[in-house]
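Descriptive analysis of the structure
Chain by chain, the residues run as shown.
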Amino acid sequence: MTMDPIDRQLLQDFQRDLPLVARPYAAMAERLGIGETEVIDRLDRLTNSGAVSRVGAVLRPHTVGASTLAAMAVPTDRLDSVAALVSAYPEVNHNYQRDHRLNLWFVVATTSAEAVHGVLDDIHQRTGLTVLNLPLEQDFHIDLGFELSWT
Amino acid sequence: MTELDQIDRALIRATQAGLPLDEQPYHRVAATIGITAEEVMERLTRLLESGAIRRMGVVPNHYALGYRFNGMTVWDVADEDMAEAGRQVAELDFVSHCYHRPRFPPDWPYSLFAMVHGRDRDTADSHVAEIARVLGARSRSHLVLFSTRILKKTGLRLAP
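The following refers to the structure shown. Source: prediction; values computed, not measured. (Residues numbered from 1 in each chain as written. Chains lettered and ligands numbered in written order. Predicted model: local features only at pLDDT ≥ 70, side-chain atom pairs only at ≥ 80, totals over all residues. Heavy atoms only, no water.)

1. Regarding unusual backbone geometry
For the peptide bond that leads from Pro 105 of chain B to Pro 106 of chain B, omega is 5 degrees, which places it in the cis range. Examined against the element boundaries, Pro 106 of chain B turns out to sit in the loop between strand 3 (95–100) and strand 4 (112–118). Phi at Asp 17 of chain A takes a positive value of approximately 60 degrees, unusual for a residue other than glycine. Mapping Asp 17 of chain A onto the fold places it in the loop between helix 1 (5–13) and helix 2 (24–32). (Helix = DSSP H or I, 4+ residues; strand = E, 2+ residues; numbered from the N terminus.)

Structural data, given as structure tokens:
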């Protein structure tokens, strides 16, 4: 993926404070010294290439509904099928394989704590495996975006 | 906890996958939920002020940008040290998330989680070493779990 300095500026300088005005991309364009259409085209290209996940809001956890981090120790020969089973839940929005005995880590987010437990119980029932429930007790992070380095 | 009304929820549902890349994105969102663009902007401003929305902007995909070494670092920190330790780790600029979660000893004594990202393993390792230095003796043991495969990632969403 090739990115020029303007792409990089779009990614670095606009992770927060998206203008809340009728034409936000025009406001961004003005700061970048390019046209509104070019901002839209660049964001479209960066989104399609995968460099940008989306242009929009980052929600605080537990603002809407409830969520948890869950972990499972899945036997290696079952990892693909259990991972697919977990990923298939619409309530699961992250699912990672990690290099530990607890090798499957996923986030369940839904409308209520009861519904979160329902999903975890369902996964436990269907796989016969223990699901470790690690809900957030305290969030220390102040999210100002992430400093990207280009070297 | 912020109280969200039905329109706030509809607004979050309508925008959680991203704003339209259109000259007037708030007008487009307004049309889909049946309110005015002015109300969309006012509500988003209020949700930002209350903290329900942390930020609005371009959300980069770190993995696609070359941050292939994503380590979930987990630390066994005594409960009485947690508040201060968590605050200090969260202040490190390379930490993208920092959470206190329950521990399940003896197998899982780790209660402080901090995510670090690097374009190479050495950078990620140096971030881990820096957290270890900040925590000092308050960390009784730790692990780094690198992700070996991303199986699903959609960002935090209001569930169906």
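2. Points about the pairing of strand 5 (residues 139–153) of chain B
Here five bridges tie strand 3 (residues 92–98) of chain A to strand 5 of chain B, and the two strands are oriented antiparallel to one another. Bridging across to strand 5 of chain B, Asn 95 of chain A finds its partner in Lys 152 of chain B. As defined by bridge partners, strand 2 (residues 69–77) of chain B adjoins strand 5 of chain B across six bridges and the pair is classed as antiparallel. Bridge pairing links Trp 75 of chain B to His 142 of chain B in strand 5 of chain B. (Pairing = 2+ DSSP bridges.)

3. Here we look at the side chain of Ser 139 of chain B
Structurally, the position occupied by Ser 139 of chain B is in strand 5. Ignoring anything within four residues of it in the chain, the contact list for Ser 139 of chain B reads Trp 75, Asp 76 and Val 77 of chain B. (Contact = heavy atoms within 4.5 Å.)

4. Focus: the packing of aromatic side chains
Two descriptors summarise a pair of aromatic rings, namely the distance from one centre to the other and the angle between the planes of the rings. All names here are of chain B. Counted under the stated rule, the structure contains five aromatic pairs over all chains. With a centroid separation of 6.4 Å and an interplanar angle of 85 degrees, the aromatic rings of Phe 69 and Phe 146 are classed as edge-to-face. Of this pair, Phe 69 sits in strand 2 while Phe 146 is found in strand 5, placing the two residues 77 residues apart along the sequence. Looking at Phe 69, the relative accessible area reads 29%, which means it is partly exposed. On the basis of relative accessibility, which here comes to 6%, the residue Phe 146 falls in the buried class. With a centroid separation of 6.3 Å and 45 degrees between ring planes, the pair formed by Trp 108 and Phe 113 is classed as tilted. The class for Trp 108 is buried, based on a relative accessible area of 1%. Owing to a relative accessible area of 4%, Phe 113 belongs among the buried residues under this scheme. (Phe/Tyr/Trp six-rings, centres within 6.5 Å; stacked < 30°, edge-to-face > 60°. Buried < 20%, exposed > 50% of the residue type's maximum accessible area, 1.4 Å probe, protein only.)

5. Some thoughts on the sheet that holds strand 3 of chain A
In spatial order, the strands read 5(A)-2(A)-4(A)-3(A)-5(B)-2(B)-4(B)-3(B)-6(A); together these nine strands make up an open sheet with antiparallel pairing. Of all strands in the sheet, those bounded by a partner on one side alone are strand 5 (132–134) and strand 6 (138–139) of chain A. Helix 5 (residues 113–127) of chain A contacts strand 2 (66–72), strand 4 (104–110) and strand 5 of chain A of the sheet and is inclined by roughly 20 degrees relative to strand 2 of chain A. (Axes fitted to C-alpha atoms, helices over the stretch in contact; angles between N-to-C directions.)

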